[in-house]
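A closer look at the structure
Here's the letter readout for the chains.
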Amino acid sequence: MSLDSVKRQLAEAEAKAGRAPGSVTLVAVSKVQPEDRVQAVIDAGQRIFGENRVQEAETRWGPRRDLEGLELHLIGPLQTNKVNKAFELFDVIQSVDRPKLARKIADAAQSAGRCPRLFVQVNTGEEPQKAGIAPADTDAFLADCRAMDLTVEGLMCIPPVEESPAMHFALLAKLAERNGLAGLSMGMSSDFETAVEFGATHVRVGSAIFGERAYD
Ligand SMILES: *Cc1c(COP(=O)(O)O)cnc(C)c1O
């Protein structure tokens, strides 16, 4: 378990980028990880976790929902028929990626009288197989969210694996700034230090903390 070294690297990246200490939130991505590794990271004091599947997250975190300070982020695709379940489980939904989902979240927020914190996922590489709003459609989508009374805190992206991530981080930062959004969820195990340089407020780190996943 390498939580401490990731935290150290993150602190160094903050310092190097001239960012305030602790200004970047570390989301520990526990998807697919075995129970003993997850428990070790909890025992080491980590309280902010990311999961990419609602069902898996429920199995792992449902019994732990009362853990003091626990903050759960959904970072994977959300089917509209699981929105209510996601409302019960997650503090933050980072993967708002299409109009139909935004509508469903707005409806659920109306009936629940509350809403998880929201990030809009942008497909910065415009990859056909990847979820997210196209960069050119992002301003309009955010306006639609506002019209539905949804408060969006920031943007999230997963850059193409085969490309250098810096230009994608820069693009996401530009889109967020132009829309007055403070949150930037970007950077994973291999590139979170670069993401901090480009203004990430949230980094999503899995394997560097927990070790390699058996499958994805
Ligand atoms: C799995 C995953 C991560 C973590 O990836 P690592 O390379 O293990 O750090 C981050 N973000 C998303 C959306 C993921 O699905």
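Residues numbered from 1 in each chain as written. Predicted model: local features only at pLDDT ≥ 70, side-chain atom pairs only at ≥ 80, totals over all residues. Heavy atoms only, no water.

A closer look at the site of the ligand
Lining the immediate environment of the ligand, one finds Val29, Lys31, Ile75, Ile158, Met188, Ser189, Arg204, Val205, Gly206, Ser207 and Arg213. Contacts to the ligand include Lys31, whose side-chain N or O atom sits 2.7 Å from an oxygen atom. Within the complex, 89% of the 390 Å² of free accessible area of the ligand lies under protein. Residues belonging to the shell around the ligand are distributed by class as follows: five nonpolar, three polar and three charged. (Near = heavy atom within 4 Å. Polar contact = N/O pair within 3.5 Å; in protein donor to acceptor, adjacent residues only side chain to side chain. Areas by Shrake-Rupley, 256 points an atom, 1.4 Å probe, with all protein chains shown as cover. Nonpolar A, V, L, I, M, F, W, Y, C, P; charged D, E, K, R; others polar.)

Let's talk about the nonpolar core
Core analysis: the largest hydrophobic core is formed by 59 residues, its most contacted members being Phe49, Ile105, Val120, Leu155, Val203 and Ile209. For this core, the leading source of residues is helix α5 (residues 99-112), giving six residues. Leave out the neighbours within four places in its chain, and Val120 touches Gln94, Val96, Ile133, Phe141, Leu142, Val152, Gly154, Leu155 and Met156. Counting residues in each nonpolar core, the second largest holds five residues, with Val29, Ile75, Phe119 and Met156 among its members. (Core = buried A, V, L, I, M, F, W, Y, C linked by side-chain atoms within 4.5 Å. Buried < 20%, exposed > 50% of the residue type's maximum accessible area, 1.4 Å probe, protein only. Helix = DSSP H or I, 4+ residues; strand = E, 2+ residues; numbered from the N terminus. Contact = heavy atoms within 4.5 Å.)

Some remarks on the UniProt feature "modified residue: N6-(pyridoxal phosphate)lysine" (unreviewed entry) in the protein chain
Summarizing the sequence annotation, UniProt attributes the feature "modified residue: N6-(pyridoxal phosphate)lysine" (unreviewed entry) to Lys31 in the numbering used throughout. Tracing the backbone through its elements, the reader meets Lys31 in the loop between β1 (25-29) and α2 (35-43). (UniProt positions renumbered as here; feature names shortened; annotations may be inferred.)

Quick word on the UniProt feature "domain: Alanine racemase N-terminal" (unreviewed entry) in the protein chain
The UniProt entry lists residues 2-213 under the feature "domain: Alanine racemase N-terminal" (unreviewed entry), expressed in the numbering used here. With 40% helix and 17% strand, residues 2-213 has its two end C-alpha atoms placed 14 Å apart.

Observations concerning the pattern of salt bridges
Here the structure, examined in full by the defined rule, presents twelve salt bridges. Two residues, Arg98 and Asp97, come together in a salt bridge whose shortest N-O distance is 2.8 Å. Taking the shortest distance from any N to any O, the salt bridge between Arg103 and Asp107 comes out at 3.3 Å. One end of the pair, Arg103, and the other, Asp107, are both in helix α5, four residues apart, so they sit about a helical turn from each other. (Salt bridge = Lys/Arg side-chain N within 4 Å of Asp/Glu carboxyl O.)

Digging into helix α3 (residues 54-61)
Burial in α3 covers these residues: Val54, Glu56, Ala57, Arg60 and Trp61. The arc that holds every buried residue of α3, seen down its axis, measures 160°, which confines them to one face. Looking at the packing, one finds that the buried side of α3 touches α2, β2 (48-51), β3 (71-74) and α4 (83-89). (Arc of directions from axis to C-beta.)

Details of α2
Within α2 the residues assigned to the buried category are Val38, Val41 and Ile42. Take α2 and look down its axis: the buried residues cluster within an arc of 105°, on one side only. Of the residues in α2, the exposed ones pointing more than 90 degrees away from the buried face are Asp36 and Asp43. If you follow the buried residues of α2, they end up packed against α1 (3-16), β2, α3 and α9 (207-210). Within two residues after α2, Gly45 carries a phi angle of roughly 105°, on the positive side.

Describing the environment of Glu197
Of note, Glu197 is situated in helix α8 (residues 192-197). Its relative accessible area of 54% is what places Glu197 among the exposed residues. When the C-alpha positions of Glu197 and Ala17 are compared, they lie 5.2 Å apart, and in sequence the two are 180 residues distant.

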